[in-house]
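So you can see what is in the structure, the chains are spelled out below.
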Amino acid sequence: MPEAVHVGSGKVRELYALDEERLLLVASDRISVFDVVLPTEIPDKGRVLTGLSGYWFSRTEAVCPNHLIGIRDDGRSTECRRLTMLPIECVVRGYLSGSGWKDYRETGEVCGHRLPEGLSESDKLDAPIFTPATKAQTGHDQNITREQAAELIGADRLDAVESISLELYATAAGYAAERGIIIADTKFELGLDDDGQLVLADEAFTPDSSRFWPAAEYEPGGPQPSFDKQFVRDYAESLGWDKTDPGPELPDDVVAGTRVRYLEAFEQINGIPFAEYAAEPGTVLR
Ligand code: Q0Z
């Protein structure tokens, strides 16, 4: 790509500048577990996540404009508008899991939301909550209170960001529920365009940015199996791996099983065969 200048790397994605106004977001087939990128790739994972994100951008257009210009023919590269990103991660939780569960157990609160007593891990919340976090350059995002978020982006902007975030989550979680998938929580990024309008950016409602749980297996009272990464986690833990870099190579059956899970997530949510997307990525945008 002689026209593209590399401007950033995520754990499993790369970001390029195409010109002053446009970026190219490329999703690789790399997979991370317990925050470590493994040496073995999952074929098609990047295309699955790009296709899911594109699908959600289309589905949520009425709630909030997004950065998507188009998906390239490779199915893994998204051309997008260059925005001024807000310095917070927008997190919405419909269920009590991960750091939300940890904070609740320790304090009875999550990001300043006081929750009822006696909740169990993975319980559904009475209403979804907006729980912003700081963007960590390395390591984990840190949950912050509403007041801290207001200091970073301003109180009025925060009000708008919270209400859009809750609406985005409700829209996506509603669609997913009809297709047998619980989106337990999700994290996305908003940016500002030249007119100062809030725009949904980055990736949205993928298994890498959200907890997807198969609704049929939902059993509150403990951690839920991950839709996509459970085989990999189970395998990695069975080795006695200490969860520090480097991670283990994955055997073929774990790769194949995990790939199928990603394809299932794609097909369950999009309602079209992955092969159709691979042949014509633009199909998910209609
Ligand atoms: C997204 C990231 C990745 C590394 C910047 N539309 C946009 N405008 C301005 N900035 C961004 C976007 Cl999406 C932007 N990231 C996250 C993605 C690799 C970092 F693929 N950083």
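Shown above is the structure to which this text applies.
Small disclaimer: the values here were computed from a predicted structure and weren't measured. (Residues numbered from 1 in each chain as written. Predicted model: local features only at pLDDT ≥ 70, side-chain atom pairs only at ≥ 80, totals over all residues. Heavy atoms only, no water.)

Things to note about the pattern of salt bridges
Let me state the cut-off plainly: Here a salt bridge means any side-chain nitrogen of Lys or Arg lying within 4 Å of a carboxyl oxygen belonging to Asp or Glu. A run of H or I in DSSP becomes a helix once it reaches four residues, and a run of E becomes a strand once it reaches two; helices and strands are each numbered from the N terminus. A 1.4 Å probe rolled over the protein chains alone gives each residue an accessible area, and that area as a share of the maximum for its type sets the label: buried under 20%, exposed over 50%, partly exposed in between.
On inspection of all chains with the given rule, the structure shows 25 salt bridges. For Glu189, the salt bridge identified is with Lys135, shortest N-O distance 2.6 Å. In this pair, Glu189 is assigned in strand E14 (residues 181–192) and Lys135 in the loop between strand E13 (133–134) and helix H3 (146–153), connecting sequence segments 54 residues apart. The class of Lys135 is partly exposed, set by a relative accessible area of 25%. Where Glu264 meets Arg261, a salt bridge forms, and the shortest distance between an N and an O atom there is 3.4 Å. Note that Glu264 and Arg261 are positioned in helix H6 (residues 252–270) at a spacing of 3 residues, about one turn of the helix. We classify Glu264 as partly exposed; its relative accessible area is 33%. Salt bridges sharing partners connect three or more residues here, namely Glu3, Asp19, Arg22, Arg72 and Glu79.

Observations concerning a negative patch on the surface
Cut-off, in case you're wondering: In this scheme, patches are assembled from residues that exceed 30% relative accessible area and form no salt bridge. Like charges are connected within 9 Å, while nonpolar side chains (Val, Leu, Ile, Met, Phe, Trp, Tyr) are connected within 5 Å. What sets the accessible areas is the Shrake-Rupley method with a 1.4 Å probe; for residues, cover comes only from the shown protein chains. Positive charges come from Lys and Arg, negative ones from Asp and Glu, while His and the chain ends are left out of the count. Where a charge lies is defined by one atom per residue type, namely NZ (Lys), CZ (Arg), CG (Asp) and CD (Glu).
On the surface, Glu20, Glu21, Asp194 and Asp195 cluster together into a negatively charged patch. Tracing the backbone shows Glu20 in the loop between strand E2 (13–17) and strand E3 (22–27). For Glu20, a relative accessible area of 68% translates into the label exposed.

Regarding the pairing of E2
Formally: Pairing between strands is defined by DSSP: at least two bridges between them are needed.
By the bridge criterion, 4 bridges tie strand E1 (residues 5–9) to E2 in an arrangement that is antiparallel. Within the sheet, the bridge partner assigned to Ser9 lies in E2 and is Glu14. Hairpin remark: E1 followed by E2, antiparallel, with 3 residues in the connecting loop. If you look at the hairpin formed by E2 and E3, you'll find 4 residues sitting between the two strands.

Examining the sheet that holds E2
Spelled out, the test is: Angular values range over 0 to 180 degrees, each being the angle between N-to-C directions of two axes fitted as lines to C-alpha atoms, with helices fitted over their stretch in contact. By the convention used here, residues are in contact when the closest approach between their heavy atoms is within 4.5 Å.
Taken together, the 5 strands give an open sheet; going across it, the order is E1-E2-E3-E7-E6, and neighbouring strands pair in antiparallel fashion. In this open sheet, the two edge strands, each paired with only one partner strand, are E1 and strand E6 (68–71). Between one strand axis and the next, the sheet turns through 25° on average, direction left out of account. As defined by bridge partners, E6 adjoins strand E7 (residues 77–81) across 3 bridges and the pair is classed as antiparallel. Within E7, the position partnered with Ile71 by the bridge is Thr78. Running at roughly 140° to E6, helix H1 (residues 45–59) makes contact with E3, E6 and E7 of the sheet.

Details of unusual backbone geometry
Negative phi characterises most residues that are not glycine, and trans characterises most peptide bonds. That bond from Asp245 to Pro246 is cis: its omega, 0°, falls within 30 degrees of zero. The residue Pro246 is located in the loop between helix H5 (230–238) and H6 in this model. Even without being a glycine, Phe205 presents a positive backbone phi close to 55°. Structurally, Phe205 can be placed in the loop between strand E15 (198–201) and strand E16 (210–214). Of note, Lys243 is a non-glycine position whose phi angle comes to about 70°, a positive value. Turning to its location among the elements, Lys243 is positioned in the loop between H5 and H6.

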